[in-house]
Amino acid sequence: MSTKSTSLEQFYYDNKIVRNFSIATIVWGVVGMLVGVIIATQLFAPAANLTQYGTFGRLRPLHTNAVIFAFVGNAIFAGVYYSLQRLLKARMFSDFLSNFHFWGWQLIIVAAAITLPLGITTSHEYAELEWPIDIAITLVWVAFGINMFGTIFKRRERHLYVAIWFYIATFITVAVLHLTNSMQLPISLFKSYYVYAGVQDALIQWWYGHNAVAFFLTTPFLGMMYYFLPKMANRPVYSYRLSILHFWALIFIYIWAGPHHLLYSSLPDWAQSLGVVFSIMLIAPSWGGMINGLLTLRGAWDQVRENTLLKFMVVGITSYGMATFEGPMLSLKNINAIAHFTDWIVAHVHVGALGWNGFLTFAMLYWLVPRIFQTNLYSEKLVKTHFWIGTIGIAFYAIPMYISGFTQGMMWKQFTAEGTLQYGNFLDTTLQLLPMHMMRALGGTLYLTGAILMAYNLFKTMAQGTLLANEKAEAAPLAIIEEKHESDGHWHRWIEKRPIQLLVASLVMILVGSLVELVPTFMVKSNVPTIESVKPYSSLELEGRDIYIREGCVSCHSQLVRPFRSETERYGEFSKSGEFVYDHPFLWGSKRTGPDLHREGGKYPDSWHYHHMREPSSMSPGSIMPNYAWLLEQTLNTSQTQDKLAAMKKLGVPYSTDEITNAVKDLNSQAKAIQANLAAEKIKVSQDKEIISLIAYLQRLGTDISKK
Amino acid sequence: MSVTVVEIWLVSMILMTGVVILIVTLQLHVALKKLVDQASPEPEVKQSWWDGFTGLKPLEKEKDLLMEHKYDDIAELDNPTPPWFMYLFYLTILFAVVYGLYYHVYQDGNIQETEYKTEVTIAEKAREEYMKKFANSVNEDNVTVVKEAKDLTEGSQLYSTNCVACHGDKGQGGVGPNLTDKFWIHGGDVKDLFKTITHGIPEKGMIAWNKTLNPLQIQKVASYILTLQGSNPPGAKEPQGTETKTP
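Residues numbered from 1 in each chain as written. Chains lettered and ligands numbered in written order. Predicted model: local features only at pLDDT ≥ 70, side-chain atom pairs only at ≥ 80, totals over all residues. Heavy atoms only, no water.

Participant: I'm lost on the overall build of chain A in this one. Help?
Facilitator: Counting its secondary structure elements, chain A contains 28 helices and 4 strands. In terms of overall dimensions, chain A has C-alpha extents of about 90 × 50 × 45 Å along its principal axes. Each of the 708 residues in chain A was classed as buried or not, and the buried ones make up 66%. Considering only intrachain contacts with a sequence separation of at least 6, the fraction spanning at least 24 residues in chain A is 83%. Looking at chain A as shown, the accessible area adds up to about 24,500 Å², and 65% of this sits on carbon and sulfur atoms. Taking the average location of the 55 positive side-chain charges in chain A and that of its 48 negative ones, the two points are 6 Å from each other. (Helix = DSSP H or I, 4+ residues; strand = E, 2+ residues; numbered from the N terminus. Buried < 20%, exposed > 50% of the residue type's maximum accessible area, 1.4 Å probe, protein only. Contact = heavy atoms within 4.5 Å. Areas by Shrake-Rupley, 256 points an atom, 1.4 Å probe, with all protein chains shown as cover. Lys, Arg positive; Asp, Glu negative; His and termini not counted. Charge placed at Lys NZ, Arg CZ, Asp CG, Glu CD.)

Participant: Explain the packing of helix α7 (residues 219–233) of chain A against helix α12 (residues 308–330) of chain A to me, please; I cannot follow it from the model alone.
Facilitator: When two helices pack together, their arrangement is captured by the angle between the axes and the distance separating the axes. Residues and elements named next belong to chain A. Where α7 meets α12, the closest approach of the two axes is 11 Å, and the angle between their N-to-C directions is 145°. Crossing angle aside, the handedness with which α7 passes α12 is left-handed. Facing α7, whose interface residues are Leu222, Met225, Leu229, Met232 and Ala233, α12 presents Leu309, Leu310, Met313, Ile317 and Tyr320. Looking at the contact of α7 with α12, its residues break down into 10 nonpolar, no polar and no charged. (Axes fitted to C-alpha atoms, helices over the stretch in contact; angles between N-to-C directions. Left-handed = near helix turned anticlockwise from the far one by under 90°. Nonpolar A, V, L, I, M, F, W, Y, C, P; charged D, E, K, R; others polar.)

Participant: Looking at this structure, how should I read the interface of chain B and chain A?
Facilitator: How big an interface is tends to be stated in terms of the accessible area lost upon association of its parts. Each partner contributes residues to the interface: chain B has 65 residues there, and chain A has 76 residues. Taken over both partners, the interface formed by chain B and chain A buries close to 6,000 Å², and the fraction arising from carbon and sulfur atoms is 63%. When residues of chain B are sorted by the area they lose upon contact with chain A, B:Tyr71, B:Asp72 and B:Gln112 head the list and together hold 12% of the total. One salt bridge connects A:Arg235 with B:Glu62, and the closest N-O pair in it is separated by 2.7 Å. Taken together, the connections running from chain B to chain A amount to 22 residue pairs in polar contact (both at pLDDT 80 or more). Elements supplying a minimum of two residues to the side of chain B that touches chain A: α1 (5–39), β1 (66–71), β2 (74–77), α4 (83–106), α5 (111–133), α6 (149–162) and α7 (164–167) of chain B. By residue number, the principal contributor to the side of chain B that touches chain A is α4(B), which donates 11 residues. Here the residues of the side of chain B that touches chain A sort into 34 nonpolar, 15 polar and 16 charged. (Buried area = accessible area lost by both parts, 1.4 Å probe. Salt bridge = Lys/Arg side-chain N within 4 Å of Asp/Glu carboxyl O. Polar contact = N/O pair within 3.5 Å; in protein donor to acceptor, adjacent residues only side chain to side chain.)

Participant: How should empty space enclosed by the protein be read in this particular structure?
Facilitator: A water-sized probe, rolled over the atoms, reveals where empty space remains. Residues and elements named next belong to chain A. Tallying each qualifying case throughout the model produces 8 cavities of 30 Å³ or more. For the second largest cavity, the calculated volume is near 160 Å³. What lines the second largest cavity is simply Val534, Lys535, Tyr537, Glu579, Tyr582, Asp583, His598, Arg700, Leu701, Gly702, Thr703 and Asp704. (1 Å grid on protein atoms, 1.4 Å probe; cavity = no way out; pocket = protein on both sides within 12 Å on 5 of 7 lines; lining within 4 Å. Points joined across faces, edges and corners; volume = space filled by probe spheres on them.)

Participant: Can you walk me through the pairing of β1(B) in this structure?
Facilitator: In regular strands, side chains alternate between the two faces of the sheet. Residues and elements named next belong to chain B. Here β1 pairs with β2 via 3 bridges, running antiparallel. Along β2, the bridge assignment pairs lysine 70 with alanine 75. Counting the residues that bridge the hairpin from β1 to β2 gives 2 residues, and of these aspartate 72 lies at a positive phi of roughly 45°. (Pairing = 2+ DSSP bridges.)

Participant: Looking at this structure, how should I read the pattern of salt bridges?
Facilitator: Close approach of charged atoms allows side chains of opposite charge to pair. All names here are of chain A. Throughout the structure, instances matching the rule amount to 31 salt bridges over all chains. The closest approach of N and O atoms between glutamate 125 and arginine 60, which form a salt bridge, is 3.0 Å. Highlighted residues: glutamate 125 in the loop between α3 (95–115) and α4 (131–153) and arginine 60 in helix α2 (residues 56–88), separated in sequence by 65 residues. Between arginine 562 and glutamate 567 there is a salt bridge, and its shortest N-O distance comes to 2.9 Å. As far as the burial class goes, arginine 562 and glutamate 567 line up, both buried. When salt bridges with common partners are traced through the structure, they connect Arg58, Arg550, Glu551 and Glu690 into a single cluster.

Here it is as structure tokens:
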């Protein structure tokens, strides 16, 4: 132990920033969950798709962004700013940076809430925001990092507690993920193309997407669990050694597992196998957190019976354990073959989101709000109600989605004795799920109701107390010269005193897996065998593709025919990696609410697509797809067509100078041909409408491979 | 390799049952042992293998495990990592090694294409058998109209699964032509229909259905379509092609 200094220093914790982030958590939480209930409703009641700004395709990214980055993000910052100061015995490094962080983050959320419904999106899941917002995120994240490390440097506690290891790993990994995944070539303020294409883009996206789950939804929450759980239960943390082991194992192994989102895709087999085995090896390290949490409650289970906050924690930690067991199981290829693209995955992520992130956040807010407002909770009874309504909500959400996912996965694969698909019409499988989707919406509504109760309860609590904006604290300063012979045993104590070394070690840990998977996929040619007949999109098709992206069609339609008999019978030849080389970004999708579209080209006449967009149920009775009538009215904006082709050329798509110069002329002549096709079917539409370009794109999809 | 879901569930059920039985047995073992231990007043502290497996130290000993540091009043215990947890970790690492060796050293690593080819080959064989037995008896030269209610119901189901998108739910036509009038573009007797459905009219957007439907099914759906003749559904599309008398 350090030599005891005789003079204690006085300083003040900043509780105001904690309050701000807490309020933001509550408000955005309710908003994000409300959007969730809306999009859940749209999946059985297409009439709930109001105007072109409120369709499922545009609101779904809004929901995920709001819940992940606004609700969970603000919760992380509230928890970190509260616990970090106390664990380091220091006020945050800079009040200016704290405020810059807070307001910057809220502005980014508002920017997301405006741009996503407008259809301004890059289509990378959980990273849909366009490049100016990406830059803003980088700035705010750096501000957060400086603030955190500044605080660490002026700490009055020699060693960094396990919670802070997790915070540091979170900071550095999210920075790496965000920067790598956001590499885009801007065309205008609101439009850019990813520099990666096809298989490589897919790998980057799911390396990012998977590790956003790891380092945004998991590690910061584990850190917060290590602070708030022992506080709430008034128990010592079960095992210091276990925390060391599972921290390092978790961050090292997690980063490798991204390819399990791309099983049975065109990603090379070796990368898929790495995804499988590292997912399996992840069970123990992720359970390490659960065990250490639950065993910390050893000897306190009588308290759990009485204390609703501990109940929230227990359900949350158990949900974490369930989700992190299920994840590896879903990474086994034979289970993935059924579950992928179905509601099973939706159920899986919501057990994690609603249980682990939601319940831990609720418990934390209930615990810290009364403390910083120097009062008691307004109503204990409402907390109890919230717990039960939330738990029932999770059950009502998850169980129907498991049934739904399993049903759908099985129906897709079912053959008759005659050797034909039992449910040849994709819609049959969609319609079968409607009752389950209704139940899910009910579950979501219950959960939302719980969150609203919490909002009411906490705002009442705030109103009845007064914020202790600057909380007085005392601690001895760190001795300037460190004693040489510290003998507190464990080897790990060495790095706990050295934040920079801890940061670098975490960085190295996560870079190993990343580099092993990413570099060969980018460098080794044989990973993406070339197909001669695959050519770049025409200018009209490229514009159509951008409309497809704008409308969020990828939310419901995959473009990836997997190598299963059931899929090649239904859709056609399975997808090859060489077919996607000009796809900036890739559009494989992650869930099929509607059928796969990779072999859509040439299947139906142009008029079919026209009618299908105008009123889907006229072509597919019972369809739950919304009407896209505005595509028939809106004029295609061709002012950037040339720039788009030029940008693609810069990214390696072999457009000739002529093709770029004549981009609009070519676009018009192709449009004219489609217009003529439609006219022959007695459909009157002028050639400059958006629908024409979308039809051109859909008719091109997946046709190159069969061209001679 | 095609493992059916039933097999997956069976195996997982067996595994789960095994685990449950194991846990129950262990619990019983511990409980009984406690009773026995209580009965015999031996003060000797001997760890059962279950205690060794879980690695849990008695709560009373917590004080000895307390580490000397505290962070904002949070203390830490120096409990060992639970042995079962370590076994689990080693087991998953072993799995990874075996998986890697099996697919990427022992086999050529071309996992999914091999799997796909096997799956399709099996299905092709079954299809050939089936065609030999039944379906080959029908082709575009000898096809006749079937009249039995059972067959027509099946034909109607096939129609509503596959044909309504273009020809309307009552055959009134939409993107595709009207099927209820006497006008046919590619001929209106059962042989013509069978041919059109089988090979499609790709240049006009009519799909070749021989991949999806077998000849018997095509015969049934063609027969069903012919029952729609003269039904005059609302919103019928105007006549296309030439008038043909349908028998």
